[in-house]
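# Notes for the structure review
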Amino acid sequence: MNIYFFLDHYDSSSSIDIFNFPPNSKFCKDVLKDIYPYAFYSNGEEWIYFELDKIKKNESRIIKKNDLPKETRNESVFVSFSFKTNEFNKSLENQNYMNSSPQWRSNTKIFNNYTSTSYQGEYPASILSKNISLVSCSPMIQSDFETYFYMINLTDNPKKIKFYVSVMNTEFKKIAQLQCFTNTINIFDLNKLDYKFTDNFYVFKSDKFGGVPLYFTKSPDKKRMGIEHTHPPLEYIFSGDRSHFQKLKKKHWLDEKIN
Amino acid sequence: MKKLIKHLISKDILLFLRNNLNLRPLGYSYLKKNIISISDFFFWNTQNKFDTKINITNLASQVLPKIHQDCNVIFIFFDSNGNIIFKNEINLKYFQSYSFLVSKYCPNNFGSVAIFHSFKNYKELKDHGSFVTEKGYVGYNYDNGPWSYVHGNNSSLSFSADMKIFPLLSSTLLKTNSYIPQVRFDDCNESSLIFNNPLDKDLRTTVNLYDKNWVKLDHIHEITKPKNTKILHLGDSKKSYVEIKSNMILFRPMVLKKYQTYFDIFHG
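Here the structure is a predicted model, which is why all the values come from computation and not from measurement. (Residues numbered from 1 in each chain as written. Chains lettered and ligands numbered in written order. Predicted model: local features only at pLDDT ≥ 70, side-chain atom pairs only at ≥ 80, totals over all residues. Heavy atoms only, no water.)

### Concerning the overall build of chain B
When helices and strands are counted, chain B shows four helices and 20 strands. Computed over C-alpha atoms, the radius of gyration of chain B comes to 20 Å, within 12% of the 18 Å expected from 2.2 N^0.38 for 268 residues, which places it in the range of a compact globule. Principal axes of the C-alpha set define a box for chain B whose edges measure 55 × 55 × 30 Å. Long-range contacts, defined as pairs at least 24 residues apart, comprise 73% of the intrachain contacts of chain B with a sequence gap of at least 6. Here chain B has roughly 11800 Å² of accessible surface; of this, 53% comes from carbon and sulfur atoms. (Helix = DSSP H or I, 4+ residues; strand = E, 2+ residues; numbered from the N terminus. Rg over C-alpha atoms; globule rule 2.2 N^0.38 Å. Contact = heavy atoms within 4.5 Å. Areas by Shrake-Rupley, 256 points an atom, 1.4 Å probe, with all protein chains shown as cover.)

### Some words on the sheet that holds strand S2 (residues 42-45) of chain B
Residue and element names in this part refer to chain B. What the four strands build is an open sheet, ordered S2-S7-S4-S5; its pairing is antiparallel. Here the strands that pair on one side only, and so sit at the sheet edges, are S2 and strand S5 (84-92). Going across the sheet, the axis of each strand differs from the next one's by a mean of 25 degrees, ignoring polarity. Looking at chain direction, S2 and strand S7 (residues 110-118) are connected through four bridges and run antiparallel. Along S7, the bridge assignment pairs Phe 42 with Val 113. (Pairing = 2+ DSSP bridges. Axes fitted to C-alpha atoms, helices over the stretch in contact; angles between N-to-C directions.)

### Quick notes on the interface of chain A and chain B
Each partner contributes to the interface: chain A provides 60 residues, whereas chain B provides 66 residues. Buried surface at the junction of chain A and chain B, summed over both partners, amounts to about 5300 Å²; 55% is from carbon and sulfur atoms. When the buried surface of chain A facing chain B is broken down by residue, Lys26(A), Tyr236(A) and Phe238(A) rank first, second and third, together holding 15% of it. Between Glu235(A) and Lys135(B) there is a salt bridge, and its shortest N-O distance comes to 3.0 Å. Across the contact surface, chain A and chain B share 30 residue pairs in polar contact (both at pLDDT 80 or more). When residues of the side of chain A that touches chain B are traced back to their parent elements, those giving at least two are strand S2 (13-19), strand S5 (60-64), strand S7 (106-111), strand S8 (116-121), strand S17 (225-229), strand S18 (237-238) and helix H1 (242-255) of chain A. Top contributing element to the side of chain A that touches chain B by residue count: H1(A), with seven residues. Of the residues assigned to the side of chain A that touches chain B, the class counts are 22 nonpolar, 25 polar and 13 charged. Bridge count between S18(A) and strand S8 (residues 131-134) of chain B: two bridges; the pairing is antiparallel. (Buried area = accessible area lost by both parts, 1.4 Å probe. Salt bridge = Lys/Arg side-chain N within 4 Å of Asp/Glu carboxyl O. Polar contact = N/O pair within 3.5 Å; in protein donor to acceptor, adjacent residues only side chain to side chain. Nonpolar A, V, L, I, M, F, W, Y, C, P; charged D, E, K, R; others polar.)

### Topic: the domain arrangement of chain A
Residues and elements named next belong to chain A. Taken domain by domain, chain A comprises domain 1 (2-125) and domain 2 (129-254). When each unit is reduced to the centre of its C-alpha atoms, the spacing between domain 1 and domain 2 is 22 Å. Contacts between domain 1 and domain 2 engage 31 residues on the former and 32 residues on the latter. Interface of domain 1 and domain 2: buried area, both sides summed, is about 2500 Å²; carbon and sulfur atoms make up 65% of it. Here domain 1 is connected to domain 2 by two salt bridges. Between Glu 45 and Lys 159 there is a salt bridge, and its shortest N-O distance comes to 3.2 Å. When contributions to the side of domain 1 that touches domain 2 are tallied by element, the ones reaching two or more residues are strand S1 (2-5), strand S3 (36-42), S7 and S8. (Domains from an automatic or database assignment.)

### Remarks on the nonpolar core
Soluble globular proteins tend to pack their nonpolar side chains together in the buried interior. If you look at the biggest cluster of nonpolar residues, it comprises 38 residues, and the most contacted ones within it are Ile54(B), Phe75(B), Phe77(B) and Ile265(B). Sorting elements by how many residues they give to this core places strand S4 (residues 71-79) of chain B first, with four residues. Leave out the neighbours within four places in its chain, and Phe75(B) touches Ile54(B), Ile56(B), Phe86(B), Lys87(B), Asn88(B), Ile90(B), Tyr98(B), Phe100(B), Ala114(B) and Ile115(B). Ranked by size, the runner-up nonpolar core spans 26 residues in total, among them Leu7(A), Phe88(A), Leu128(A) and Phe216(A). (Core = buried A, V, L, I, M, F, W, Y, C linked by side-chain atoms within 4.5 Å. Buried < 20%, exposed > 50% of the residue type's maximum accessible area, 1.4 Å probe, protein only.)

### Topic: the side chain of Asp51(B)
Its location among the elements puts Asp51(B) in strand S3 (residues 50-57). No salt bridge is formed by the buried Asp51(B). Its closest oppositely charged neighbour is Lys53(B), at 9.7 Å. (Lys, Arg positive; Asp, Glu negative; His and termini not counted.)

### With respect to the pattern of salt bridges
In this structure the tally under the stated criterion is 19 salt bridges over all chains. Residue Arg184(B) is joined to Asp186(B) by a salt bridge in which the shortest nitrogen-to-oxygen separation is 2.9 Å. When its relative accessible area of 35% is taken as the criterion, Asp186(B) is described as partly exposed. A network of salt bridges, in which partner residues are shared, links Asp11(A), Glu146(A) and Lys218(A).

### Section: the environment of Met151(A)
All names here are of chain A. By the secondary structure assignment, Met 151 is in strand S11 (residues 146-153). Under the relative-accessibility criterion, Met 151 is labelled buried at 0%. Along the primary structure Met 151 and Phe 204 are separated by 53 residues, whereas in three dimensions their C-alpha atoms are 9.8 Å apart. If near-sequence neighbours (up to four positions away) are discounted, Met 151 is found in contact with Leu 134, Phe 163, Val 165, Cys 180, Thr 184, Ile 185, Asn 186, Gly 210, Gly 211 and Val 212.

### Looking at unusual backbone geometry
Residues and elements named next belong to chain B. The backbone of Asn 22 shows a phi angle near 55 degrees, a positive value even though the residue is not glycine. Tracing the sequence through the fold places Asn 22 in the loop between helix H2 (11-20) and strand S1 (35-39). Assessed through its relative accessible area of 43%, Asn 22 is described here as partly exposed. Positive phi outside glycine occurs at Phe 95, with the angle close to 60 degrees.

### Re the sheet that holds S17(A)
Residues and elements named next belong to chain A. Taken in spatial order, the four strands make up an open sheet running S14-S11-S16-S17, and their pairing is antiparallel. Edge positions in the sheet fall to strand S14 (184-189) and S17, since each has one partner strand and no second. Pairs of neighbouring strands in the sheet enclose a mean axial angle of 20 degrees, with direction left out of account. Taken together, the seven bridges between S11 and strand S16 (residues 212-218) define a ladder with antiparallel strand orientation. If you follow Phe 149 over to S16, its bridge partner there is Tyr 215.

This is the structure:
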C-alpha cells in the first residue's frame, strides 16, 4: 500500500488525485476492492485521523487539502487507506494492495488561480519502519526564481524527531544545514540561505532519516511554477544488483568528511 | 526436457511467445552483446517560445565513486520525424556535471534525444550484471520562465561498444497493452500526450478518452514511426481519464497540461 501527502505552500493550494485502479493491469495481480481513505497527521504523540469518503474500485478522487477539516490546515497531512470503514491502522502497517509496475501513484499537485504544477508520486509504506538515509543530487535549484526544497518524511512512530539535512556542493563543502522533523512536510526557502547557488548540481544528504526530496520553483507572481523529485541512486543502474551501487554512492556521500 | 526446449528455442522467440500469449510478459527485451550504456529517450522542444535544458553528470562517479575516472558522453538528437539532426560528444571529469540549452543546437523544432555514457573501468558493473542508465534531468520552460524538470522514466535504448543503438523495450503484435496515466484531466482545457518511439517498428496506439463515469467520449488512432516524436492534442472534450492501448508493453507517454499562465509537464 502506498501513502500520499499534501504539499503545503503559503500562497498556493495542494491536492492529490487518488486512483483505485492500477496504471497497467497486465503488471498488477491485486484484486480491486473498495477503499476507505484516511487523512492523518502526527501531533507529536499520536496520529490524529479523519475518515474520508469511500473510493469504489475503478474510481478516483481529487482531494484538496482545503476541503479537509479545519484542524488539519497547519498540519503535515498524509493519506492512507483501509479496506473497512472506521479501521484506521495506527501502526500504519502496510496493506497488501497497490502492488503494480509501474508504481501505483497519485498526481501530487500545487495549484493556484493561474497555474498548476505536479508530479506522479507516492510514499511507499514499505519504508516506514526502515532506517533510511538521504542522498539527493539535484540540478534543479534555480536562483533566478523562488526555489523551495521539500523533505517529506513519514515513519511508523508518531513522535516528531529532529534531524538535519546537509546541503553540499560537489567538492564536499557544506553550504547549509536544514533542520527537519520526522512525520512532517518540511519546507525550506533556499533563496533565504546566505548563499548564491551557481553550480550545476548540489547534494542534499542525511544519515539519520530520508524520505522524498522535492524541488519546487515559482515566479514571484506565482503565475509560473515547476516541481520534481530526485530519483534514488539506484535509478542510475539498469539490471543486476542495483542496490550494491546505491550502497556505494550513499557510503561515499555519507561517510566523507565535510569541510 | 525443459532445458532441451530452452536450448532449441532462442531467448528472443521465447520472449515473443511470452509477450504475445501474455504468459508472464516482460517489458524489456534481452540485451544484445557488448552493450555498454543505456538511455531514456528524452523529449525536447524548442519551438514556439519553449526551450529545453539538459542536465547530466559523470555517471561513472555516481555509481563507482571510489574510482576517479572521466566519462565520455554522446548525445544523439532526433527530430520529430526520426532523423538524426545533431550529435555531440563531451568528456566529463570525475563528478563533473554539465548543462546546456537545446535551443543552441536544435532551434525551433522538437524531437527526442538519447544520451549514452561510457568509461574505461566498468568491471564492477559487469561483475554485478549491471549497466549505467541516463535518467536525466531534463527541464522545460516557456518564454524564459522557471524550468519544469522531469526525470527519465523508461530505460529505452541500449548502446554497444561498436556504437550501435538497440531498442530495449519490448512489444507485442497487437495493441494488447493498456496504460492509464494516474492523473485527472478535468482541471484544464488543453492537454496533450507526448509520444516518442524508441522501437525499430511502428508504435501503434489508440487513445480512448473517458468522462469521470467512464463513459467513452472519443478515441484517437495514431501511428508513430521509429524514433519519431508526436505531441498529441487531446481536444476539448470534458475528459477525466485517458487510456492508451498500444503494441509497446511499457509505453508511458509524458503528459503536458496548459493552464491560464503556464504549463505542467510530467511522466504519466
